[in-house]
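# Residue-level structure breakdown
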Amino acid sequence: MKLDIVIPIYNEEETLPFLHDRLVKVCDALPDTQWRVIYVNDGSTDQSLEIMVKQRETDPRFAIAELSRNSGHQAAITAGLHHSSGDAVIVMDGDLQDPPELIPELISCWRGEANVVMARRRSRRDKGLRRVGFNLFHRVFTWITDFPVPPDTGIFGLLDRQAAEELKRLPEQNRYFPGLRSWVGLNQQVVYYDRDERGGGKPKQSLKRLARYALDAVFSFSYKPLRVMTSAGIVISAVGFMLACFFIIKRLMGVEVAQTGFTTLVTLMLFLGGIQLIAIGLVGEYLARIYDEVKQRPLFIVRQTHGLEKTGRNGG
Ligand code: UDP
Ligand code: MG
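First, a word on scope: everything that follows refers to the structure included in this document. Note that the structure is a prediction, hence the values are computed from the model and not measured.

Criteria and cut-off values
Residue indices follow the written sequence of each chain, beginning from 1 at its first position. Following the order in which they are written, the chains are lettered starting with A and the ligands numbered starting with 1. It should be noted that, the model being predicted, local features are given only for residues of pLDDT at least 70 and side-chain atom pairs only at 80 or more, the latter also being counted only at that level, while totals for whole chains, interfaces and linings use all residues. Just so you know, side-chain values use all the structure's heavy atoms and leave hydrogens and water out. Each metal's donors are the N, O and S atoms found within 2.8 Å of it, except that Na, K and Ca use a 3.2 Å limit; water is left out, so coordination can look incomplete. Each residue gets one of three labels from its accessible area relative to the maximum for its type: buried under 20%, exposed over 50%, partly exposed in between, using a 1.4 Å probe on protein chains only. Residue proximity to a molecule or strand is established when one non-hydrogen atom of the residue lies within 4 Å of it. For the purposes of these results, a polar contact is taken to be a pair of N or O atoms within 3.5 Å, where, inside protein, one atom must be able to donate a hydrogen and its partner to accept one; residues adjacent in sequence count only when each atom of the pair is a side-chain atom. The Shrake-Rupley method, run with a 1.4 Å probe sphere, supplies the accessible areas, and residue values consider only the shown protein chains as cover. Any two rings among Phe, Tyr and Trp, with Trp reduced to its six-membered ring, count as a pair given centres within 6.5 Å; such a pair is stacked if its planes are under 30 degrees apart, edge-to-face if over 60, and tilted if neither. Each helix is a run of DSSP H or I of at least 4 residues and each strand a run of E of at least 2, with the numbering of both proceeding from the N terminus. Should the NZ of a Lys or the CZ of an Arg lie within 6 Å of a ring centre and within 35 degrees of the ring normal, that charge is described as sitting over the ring. Within this analysis, patches are made of residues with over 30% relative accessible area and no salt bridge. Like charges are joined at 9 Å or less; nonpolar side chains (Val, Leu, Ile, Met, Phe, Trp, Tyr) at 5 Å or less. We define a salt bridge as a contact between a side-chain nitrogen of Lys or Arg and a carboxyl oxygen of Asp or Glu at a distance within 4 Å. Any two residues having at least one pair of non-hydrogen atoms within 4.5 Å are treated as being in contact. Among buried residues, the Ala, Val, Leu, Ile, Met, Phe, Trp, Tyr and Cys ones that are joined through side-chain atoms within 4.5 Å form a nonpolar core. The definitions used throughout rest on a 1 Å grid laid over the protein atoms alone, on which a cavity is an enclosed set of points accommodating a 1.4 Å probe that cannot get out and a pocket is an open set flanked by protein within 12 Å on both sides along at least five of seven lines; lining residues are those having an atom within 4 Å of a point. Grid points are joined across faces, edges and corners, and a volume is the space filled by probe spheres set on the points. Classification convention: Asp, Glu, Lys, Arg as charged; Ala, Val, Leu, Ile, Met, Phe, Trp, Tyr, Cys, Pro as nonpolar; all other residues, Gly among them, as polar.

## Describing the coordination of the magnesium ion (ligand 2)
Ideal values differ by geometry: the angle at a metal is 109.5 degrees with four tetrahedral donors, but 90 or 180 degrees with six octahedral donors. Donor atoms from the polypeptide that coordinate the magnesium ion (ligand 2) comprise D95 (OD) and Q97 (OE1), at 1.9 to 2.0 Å from the metal. Here D95 matches Q97 in class, with each residue buried.

## A few points about the site of ligand 1
Neighbouring ligand 1 are 19 residues; E12, D42, D95, Q97 and K204 lie closest to it. Here Y10 contributes a backbone N or O atom positioned 2.8 Å from an oxygen atom of ligand 1. R198 places a polar side-chain atom, nitrogen or oxygen, 3.0 Å from an oxygen atom of ligand 1. Bound to the protein, ligand 1 loses 97% of the 530 Å² it would expose on its own.

## So, the packing of aromatic side chains
Counted according to the given criterion, the structure contains eleven aromatic pairs. Taken together, a centroid distance of 4.9 Å and an interplanar angle of 80° make the contact between F219 and Y286 edge-to-face. Taken together, the positions of F219 in helix α8 (residues 207-221) and Y286 in helix α10 (residues 262-295) put the pair 67 residues apart, joining distant regions of the chain. Each residue in the set F137, F141, F147, Y176, Y213 and F221 is aromatic and connected to the rest through ring pairs, giving one cluster. In this structure, K224 packs its charged tip against the face of W143, placed 5.1 Å from the ring centre.

## Some thoughts on a nonpolar patch on the surface
Together, V235, V239, F241, M242, L243, F246 and F247 make up an exposed nonpolar region whose accessible area comes to about 690 Å². The topology assignment puts V239 in helix α9 (residues 224-252). Classification of V239 as partly exposed rests on a relative accessible area of 41%.

## As for the side chain of H20
On the secondary structure map, H20 appears in helix α1 (residues 16-28). Filtering out sequence-adjacent residues up to four positions away, H20 remains in contact with Y39, Q55, D59 and F62.

## So, the nonpolar core
By size, the foremost hydrophobic cluster in this structure holds 37 residues, and its most contacted members are L67, L81, F141, L159, L167, Y176 and F177. No other element matches α8, which puts five residues into this core. What F177 contacts, discounting residues up to four positions off in sequence, is Q74, I77, L81, V91, I155, L159, L167 and Y213. Counting 35 residues, the second largest nonpolar core, distinct from the first, contains C27, F62, I107 and V191.

## Some thoughts on the layout of surface pockets
Empty space within the largest pocket amounts to approximately 1,000 Å³. In terms of lining residues, the largest pocket is bounded by 50 residues, among which R130, F134, Q205, L210 and Y213 are the most central. Of all the secondary structure elements, the ones that give two or more residues to the lining of the largest pocket are β1 (2-9), α3 (73-83), α5 (128-144), β6 (153-160) and α8. Broken down by element, the lining of the largest pocket gets its largest block of residues, eight residues, from α5. Its residues placed into classes, the lining of the largest pocket shows 21 nonpolar, eleven polar and 18 charged.

Structure below.
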């Protein structure tokens, strides 16, 4: 059987040598498997590309797709999927946070009839704000999404050919890979693992990028923000209407209406103005994403490949 391992790489010169050694060790031990690594070089500016090319020279089972510039983690994964052709495709990060030693377990789960195998984190070793952010995101996302996605799963996992082909058909611009993978359905299984620390270097996705990724996840898989705003509007209007009735009746009954203070008025005005702006912002988030879809720009541009057939826009 043929196995492809897709790995996005952006400035990973520190980890690439270790990644290579651990992958070779694990994959060579797989029975009856013809394996291939597809590195997607996402516009690295350090020595990563040179290191990958060297690895390929000594071991042609390592192939490379070079993107035209840094296009982001999700675009790089998509590019890798479009270049894959194996019976199964494993997607994993290149920083050794996803341990290659889990590959045999992913494969045995797939052999047991699963179309999609997701690696779910039992624990993680990220620190500080990232850790808080990741945990918060998974809690909030599980609550907010209209579509069930197992929590604590990232991109790490295995897709069989059918699942990979179905995923390739999804042309979304702002992608949340774990959500799309769940959306495809078929027979999905979970295996558990402990997420390691980075093999070296600093995280390559800035907190800003991660925040954007989190928003993509929410807005691609939930209409709840819009519904919450509608509900808030209904509640506020109802309260306003009742207050109006209350004051009219009081006036008709000749009861003196208390003077409303300046402070109350200003507070109310700012509060309602704020809510309105938030609501417009939320609509804008959806609108901006629609705009991205309408433009239909390709998700990635391939500059050059080493040992792969070049695939164009979204594989088309
Ligand atoms: N990566 C990429 N393009 C980017 C940022 C990151 O291809 O613009 C790769 C990176 O080299 C690594 C993987 O995506 O292999 C995950 O990145 P990182 O470890 O920075 O993300 P985190 O673990 O914080 O989610
Ligand atoms: Mg990482």
